[in-house]
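Structural description and commentary
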Amino acid sequence: MAVDPAGPQQSGQPRGGGYGEALFEPWRPGEGERIDLGSLAYDDTTRRRLLALGVGPGSRCLEVGAGTGTVARWLAEEVGVAEVLAVDRDVRFLEPHAGGTLHTLAADVTAPDFDPGRFDLVHARFVLMHLPEHRQVAARLAGLLRPGGHLVLGDAIDLTTAAPPDSPYRLAMRAMWRALHTTIGTDVGWTPQYPRLLAGIGLTGVGAEVTVPPLTVGSPIAAFWLDTWKRSRPAMLTTGLVTENTLAVAEQALADGTAADLSPGLITAWGRR
């Protein structure tokens, strides 16, 4: 029988605050660099998809959970769109890049009054997986589209921890997902349902794709997971799914390229209003 990546506590409620409050606080040294490692692993996929959907000069774009702004800056500086509004609850990584067609907004997309306008493109990556109200937020984001505009959502999809073998790497990943769920509410168990979700909120032309970057020595994605484990280590140990020794072996396997497994990937789904 398949085991949920987050384990039996998946249906429970998180104990602490949300993303950026109980874990991955933006003020901690190195957090911007950790986010950038994820961007290095996935930005090419995101860029190809946005271009394929027709984003370009004249487009008005909303970037939700913009992080350090790599996608927002690309849209503004290289694609030449008419406007990019980069939204995050904490915009400290975005503000140095604001100007011209790139604007920033400190806001919570779960707030009932979040309504920054209407856009040709609304994009959110690694946002909804951290929100228990992800279906409602997806519907709200779809409501911000102009007719003909596209909603593009990306989140983690896990392909490794639902079944044996229980290698140290897989045990570490399982402990991480459990820790993120119990601490900040993260849930990746539903992300394969993205196409159905988008169709269910009334979008058309729905599609989805999955990208899994290789776990090779020195790769951005390997470095990203090593840093993520470091920052969530106490919470991972609290799950009881791993020991200090298990984590050390898993970290060494990532560092030297011997994990011989899959990274959690990125599922990107889109639909048109």
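For the structure, see preceding data.
Residues numbered from 1 in each chain as written. Predicted model: local features only at pLDDT ≥ 70, side-chain atom pairs only at ≥ 80, totals over all residues. Heavy atoms only, no water.

**A short note on the overall build of the protein**
Helix and strand counts for the protein stand at 7 helices and 7 strands. Ordered by position from the N terminus, the helices and strands of the protein form the series α-β-α-β-β-β-α-β-α-α-β-α-α-β. The proportion of buried residues among the 273 residues of the protein is 52%. The long-range fraction of contacts in the protein, counting pairs at least 24 apart against all pairs at least 6 apart in sequence, stands at 75%. (Helix = DSSP H or I, 4+ residues; strand = E, 2+ residues; numbered from the N terminus. Buried < 20%, exposed > 50% of the residue type's maximum accessible area, 1.4 Å probe, protein only. Contact = heavy atoms within 4.5 Å.)

**Brief notes about the environment of L254**
When you line up the elements, L254 lands in helix α7 (residues 244-256). Considered as a pair, L254 and Y169 are 85 residues apart in the sequence and their alpha carbons are 7.9 Å apart. Excluding anything up to four places from it in sequence, L254 contacts Y169, L215, A222, W225, L226, W229 and A259.

**Quick look at the environment of V71**
Relative to the helices and strands, V71 is located in helix α2 (residues 70-79). Owing to a relative accessible area of 3%, V71 belongs among the buried residues under this scheme. When the C-alpha positions of V71 and R47 are compared, they lie 7.6 Å apart, and in sequence the two are 24 residues distant. Not counting the four nearest positions on each side in its chain, V71 is found in contact with D43, T46, L50, E63, H123 and R125.

**With respect to the sheet that holds strand β3 (residues 102-106)**
Paired through their backbone hydrogen bonds, the strands of a sheet run either parallel or antiparallel. Pairing is mixed across the open sheet formed by 7 strands, whose spatial order is β3-β2-β1-β4-β5-β7-β6. Sheet topology places β3 and β6 (204-211) at the edges, where each strand pairs with a single neighbour. Looking at each pair of strands side by side, their axes are set apart by 15 degrees on average, direction ignored. Relative to strand β7 (residues 265-272), strand β5 (residues 145-157) runs antiparallel, the two sharing 8 bridges. From the neighbouring strand, H150 faces β7, where its bridge partner is R272. In this fold helix α3 (residues 134-142) packs onto β1 (60-64), β4 (119-125) and β5, with an angle of close to 150 degrees to the strand it touches most, β5. (Pairing = 2+ DSSP bridges. Axes fitted to C-alpha atoms, helices over the stretch in contact; angles between N-to-C directions.)

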